[in-house]
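Here is what each chain is made of, one letter per residue.
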Amino acid sequence: MNSHIQIFDTTLRDGEQSPGFSMTHSEKMRMAEQLEQLGVDVIEAGFPIASEGDFQAVKEISRQISNCQVAGLCRIKKDDISRAWEALEHARFPRIHTFVATSDIHLVHKLNMSREQVLEAAVEGVTYARSLCDIVEFSAEDASRTDPDFLCEITRAVIQAGATIVNIPDTVGFAVPEEFGALIRKLKTEVPNIEQAVISVHCHNDLGLAVANSLAAVQNGAGQIECTINGIGERAGNASLEEIVMALAVRKSFYNTDTKLDTTQLYPASQLLAEITGNHVQPNKAIVGRNAFAHEAGIHQDGVLKNPLTYEIMTPQTVGVPQNSLVLGKHSGRRALADRMNKLGYTFTKDEIDKVYTCFTVLADLKKNITDQDLTYLAERGLEMAGEQNMSQNLQEYINQ
Ligand code: KIV
Ligand code: ZN
């Protein structure tokens with residue numbers, strides 16, 4: 001296993017090319033600055049030949065970003081590679097990322113090329129890219145559906161031609177962890193010159209396995225993971241950067257490896273992307289979702305108030321979330337209610353909180369979200385209301401006001 005895993009962020013390329021996630025030039029610049037602050041190893045800034053906008057974004061990010069490598073994507077055609085280099089050449093640490101499909105499905109139905117032709121074109125493309133740039137990544141598109149022996153053959157050939165990173169994409173999210181891990185192990189053991197390059201993986205999430213597949217690859221020798229903020233990307237997205245980074249951090253003793261990211265910048269990066277693209281993060285999203293550090297169940301709230309370790313495997317502050325939240329709802333207990341009342345400036349005896357809690361449970365059954373305003377109302381009226389026969393009706397009237 002590698003002692004350090006490089007994080008290759010493709011939010012601005014694979015992420016941006018998915019429906020509803022396009023960004024303007026200035027939004028891309030803001031995002032790139034945030035990624036630099038987060039400390040990713042590589043920012044894939046775009047696909048320069050795809051559009052003038054992409055070209056300009058890669059060029060500008062190359063000029064502005066100095067602490068990360070900047071990558072530009074291109075097919076293995078000479079014109080594509082030249083255009084990518086034109087955008088990248090002023091970067092402090094440029095990387096050409098060139099790709100071609102290698103699976104028979106793509107060769108027959110998309111490229112109309114034989115394996116021999118693809119191999120030759122890949123070698124030619126990588127050789128040309130290396131004549132321009134010291135760091136060249138080669139991606140075998142649809143690698144997980146490629147004949148594994150052919151994948152080994154083309155990997156050996158492109159490394160010999162100068163590729164310094166060989167990327168193994170699960171382009172259509174078809175792989176499962178054991179199988180994908182075994183594929184990486186096969187490359188590691190059967191490609192004779194593999195030690196001259198870093199193995200990278202790029203997993204899509206069509207079966208919800210992108211993170212698991214990426215981690216299986218790490219266990220079997222991958223040294224770079226390609227991923228995106230909030231897991232955005234083609235179709236169901238790419239492996240989520242925040243989940244990968246925190247899995248490696250929280251389970252460091254298992255994976256025995258690390259990244260160099262400043263994890264406190266994960267939540268700000270997630271929020272910035274959501275704000276820029278107008279796509280909210282699902283509440284139960286691991287690490288950065290609104291509920292990732294929220295507790296509503298009474299037993300959980302009681303535990304977290306006694307010691308957060310009971311129900312939290314990382315502190316919210318580690319990922320840049322200011323604090324956990326105890327959400328008051330119909331599953332909450334007296335302890336959390338008393339705690340929140342205290343924060344609002346109300347102190348009750350045990351008997352009193354029992355009474356206010358009775359009203360609270362009735363209100364929580366009638367109303368989905370209990371706000372601080374509702375709690376203030378209960379603090380003021382709860383004690384007398386608890387004894388009233390028509391409490392439920394009174395609370396309904398309060399809601400209807
Ligand atoms: O999914 C994929 O195969 C890609 C490559 C271009 C790396 O995005
Ligand atoms: Zn992709």
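Residues numbered from 1 in each chain as written. Chains lettered and ligands numbered in written order. Predicted model: local features only at pLDDT ≥ 70, side-chain atom pairs only at ≥ 80, totals over all residues. Heavy atoms only, no water.

## Considerations on unusual backbone geometry
Unusually for a residue other than glycine, asparagine 112 sits at a positive phi of about 55 degrees. As for its placement among the helices and strands, asparagine 112 is situated in the loop between α5 (104-111) and α6 (115-132). Taking relative accessible area as the criterion, asparagine 112 reaches 67% and is therefore assigned exposed. (Helix = DSSP H or I, 4+ residues; strand = E, 2+ residues; numbered from the N terminus. Buried < 20%, exposed > 50% of the residue type's maximum accessible area, 1.4 Å probe, protein only.)

## Examining the pattern of salt bridges
Inspection of the entire model under this criterion finds 28 salt bridges. A salt bridge links aspartate 354 to lysine 350; its shortest N-O distance comes to 3.7 Å. Residue aspartate 354 and its partner lysine 350 are both found in helix α15 (residues 350-366); the two are separated by 4 residues, about one turn of the helix. (Salt bridge = Lys/Arg side-chain N within 4 Å of Asp/Glu carboxyl O.)

## A word on the coordination of the zinc ion (ligand 2)
Summarising the metal site, the zinc ion (ligand 2) is bound by the protein donors Asp14 (OD), His202 (NE2) and His204 (NE2), whose distances to it range over 2.0 to 2.1 Å. Of note, the zinc ion (ligand 2) draws all its donor residues from one chain, in the sequence arrangement D-x187-H-x1-H. Here aspartate 14, found in helix α1 (residues 11-15), pairs with histidine 204, found in the loop between β7 (198-203) and α9 (210-219); they are 190 residues apart in sequence, far enough to count as distant. The pair aspartate 14 / histidine 204 is uniform in exposure class, with both members buried. (Donors = N, O, S within 2.8 Å, 3.2 Å for Na, K, Ca; no water.)

## Points about the domain arrangement of the protein chain
What the domain assignment lists for the protein chain is domain 1 (6-277) and domain 2 (294-400). Residue-level contacts link 7 residues of domain 1 with 8 residues of domain 2. A buried area of about 530 Å², summed over both sides, lies between domain 1 and domain 2, and 72% of it is on carbon and sulfur atoms. When the area that domain 1 buries against domain 2 is broken down by residue, the three leading residues are Met246, Val250 and Tyr267, summing to 67%. Applying the counting criterion to the domain 1 and domain 2 interface returns 0 salt bridges. The interface formed by domain 1 and domain 2 includes 3 residue pairs in polar contact (both at pLDDT 80 or more). Going through the elements one at a time, α10 (241-250) and α12 (266-277) are the ones with two or more residues in the side of domain 1 that touches domain 2. For the side of domain 1 that touches domain 2, the element with the most residues is α12, which contributes 3 residues. (Domains from an automatic or database assignment. Contact = heavy atoms within 4.5 Å. Buried area = accessible area lost by both parts, 1.4 Å probe. Polar contact = N/O pair within 3.5 Å; in protein donor to acceptor, adjacent residues only side chain to side chain.)

## A few points about the nonpolar core
Counting residues in hydrophobic clusters, the biggest one holds 92 residues, and the most contacted among them are Phe138, Ile168 and Leu241. Lining this core are residues from two domains, each supplying at least three of them: domain 1 (6-277) and domain 2 (294-400). If we ignore the near neighbours within four places in the chain, the residues touching isoleucine 168 are Ala143, Leu151, Phe180, Leu183, Ile184, Leu187, Ile199, Ser200, Val201 and His202. (Core = buried A, V, L, I, M, F, W, Y, C linked by side-chain atoms within 4.5 Å.)

## Remarks on the site of ligand 1
Close to ligand 1 lie Arg13, Asp14, His97, Phe99, Ser139, Glu141, Asn167, Pro169, Thr171, His202 and His204, which account for all nearby residues. Between an oxygen atom of ligand 1 and a side-chain N or O atom of arginine 13, the distance comes to 2.9 Å. Take aspartate 14: an N or O atom from its side chain is 3.1 Å from an oxygen atom of ligand 1. Its free accessible area being 260 Å², ligand 1 has 94% of it covered by the protein chains. Sorting the residues of the shell around ligand 1 by element identifies α1, β4 (94-101), β5 (136-141) and β6 (165-170) as the ones contributing at least two each. Considering only residue class, the shell around ligand 1 consists of 2 nonpolar, 6 polar and 3 charged. (Near = heavy atom within 4 Å. Areas by Shrake-Rupley, 256 points an atom, 1.4 Å probe, with all protein chains shown as cover. Nonpolar A, V, L, I, M, F, W, Y, C, P; charged D, E, K, R; others polar.)

## Side note on the side chain of asparagine 394
Locating asparagine 394 in the fold gives a position in helix α17 (residues 391-400). Once residues within four sequence positions are removed from consideration, asparagine 394 is found in contact with Met385 and Glu388.

## What to know about helix α14 (residues 334-343)
All of the buried residues along α14 are Ala336, Leu337 and Met341. Relative to the axis of α14, the buried residues are bounded by an arc of 135 degrees and lie together on one face. Where α14 is buried, its residues meet α13 (298-306), β10 (325-326), α15 and α16 (372-385). Two residues or fewer past α14, glycine 345 is found with a positive phi of approximately 100 degrees. (Arc of directions from axis to C-beta.)

## With respect to the pairing of strand β3 (residues 69-75)
The element β3 is largely enclosed, with a buried count of 6 among its 7 residues. In this region the chain leaves strand β2 (residues 42-46), passes through helix α3 (residues 52-64) and returns to the parallel neighbour β3; the handedness of that crossover is right-handed. In this sheet, β4 lies alongside β3 in parallel orientation, the contact comprising 6 bridges. Along β4, the bridge assignment pairs alanine 71 with arginine 95. Handedness of the β-α-β unit built from β3, helix α4 (residues 78-88) and β4 comes out right-handed. (Right-handed = clockwise from strand over helix to strand, strands pointing away. Pairing = 2+ DSSP bridges.)

## Overview of α3
Here α3 spans 18 Å end to end across 13 residues, near enough to the 18 Å set by a 1.5 Å rise per residue. The complete set of buried residues in α3 reads Asp54, Phe55, Ala57, Val58, Ile61 and Ser62. End-on, the buried residues of α3 take up no more than an arc of 165 degrees, which puts them together on one face. Buried-residue contacts for α3 involve α1, α2 (25-38), β2, β3 and α4. (Expected span 1.5 Å × (residues − 1).)

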